[in-house]
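# Coordinate analysis (summary)
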Amino acid sequence: MSKRATLTTRQKSIIRILTRMDGRPITVAVISEKLGVSTRTILREVPAIEKWMSDNDFNFERKPGVGMLVGEAPETLRFIEELLDADNLVPMYSRQERRKHILGELLFSDEPVKSLVFTSKYKISDGTLSEDLD
C-alpha cells in the first residue's frame with residue numbers, strides 16, 4: 001500500500017502529532033510550539049506532508065481557521081505511525097550541527113558557494129541561512 005516517499009524527521013514529527021489527535025484538528029501554531037519552530041517552518045513542510053498522505057491514500061485535511069487533521073480510523077492512524085517508523089528519513093541537523101557543516105564546507109571549498117546550495121541541502125530558508133552565517 002505504501003509508496004516510499006522520503007520524509008524528513010520534522011515532517012515525520014508533524015504527521016505523528018496529527019495522528020495522535022485522533023481525527024481532531026490541530027492548528028499550525030500548536031504544532032510549531034510543540035516542535036519549537038516557527039509557524040512558517042511548519043507551513044513549509046505541509047506540501048510534502050500532503051503529498052505523502054495523498055500518495056499513500058490517507059485523508060489529510062486543512063481547514064482554514066480550524067487546523068489540520070488526518071481523517072482516518074484509529075487502526076489506520078496506528079498504521080500510519082508504523083509506516084513512519086519504517087520510512088527512510090532525510091537527516092535534519094540542529095542549528096549548531098548545521099553551522100559546523102556549513103563552516104566546514106566553506107573553509108574547504110576552492111571556490112565561492114552559492115547560498116542556494118546550503119538552503120537546498122539543509123532545507124532551510126534564506127533567513128535561517130543568514131542567521132547561521134552571522
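Residues numbered from 1 in each chain as written. Predicted model: local features only at pLDDT ≥ 70, side-chain atom pairs only at ≥ 80, totals over all residues. Heavy atoms only, no water.

What follows is about the nonpolar core. I15, L18, I31, W52, M53, F60 and I80 are the most contacted members of the largest nonpolar core, which totals 22 residues. Of all the elements, helix α3 (residues 39–55) adds the most residues to this core, at 5 residues. I102, F118, I124 and L129 belong to the second largest nonpolar core, which has 5 residues in total. (Core = buried A, V, L, I, M, F, W, Y, C linked by side-chain atoms within 4.5 Å. Buried < 20%, exposed > 50% of the residue type's maximum accessible area, 1.4 Å probe, protein only. Helix = DSSP H or I, 4+ residues; strand = E, 2+ residues; numbered from the N terminus.)

Before going further, it helps to examine the pattern of salt bridges. Under the criterion given, the structure shown has 12 salt bridges. Between E81 and R20 there is a salt bridge; the shortest N-O distance is 3.2 Å. In this pair, E81 is assigned in helix α4 (residues 74–86) and R20 in the loop between α1 (9–19) and α2 (28–35), connecting sequence segments 61 residues apart. Given the relative accessible area of 53%, R20 is considered exposed. Salt-bridge contacts for D132 lead to R95; the nearest nitrogen and oxygen are separated by 3.8 Å. Here D132 is found in helix α7 (residues 126–133), whereas its partner R95 is found in helix α5 (residues 95–108), with 37 residues between them in sequence. The network of salt bridges with common partners includes R95, R98, R99, E131 and D132. (Salt bridge = Lys/Arg side-chain N within 4 Å of Asp/Glu carboxyl O.)

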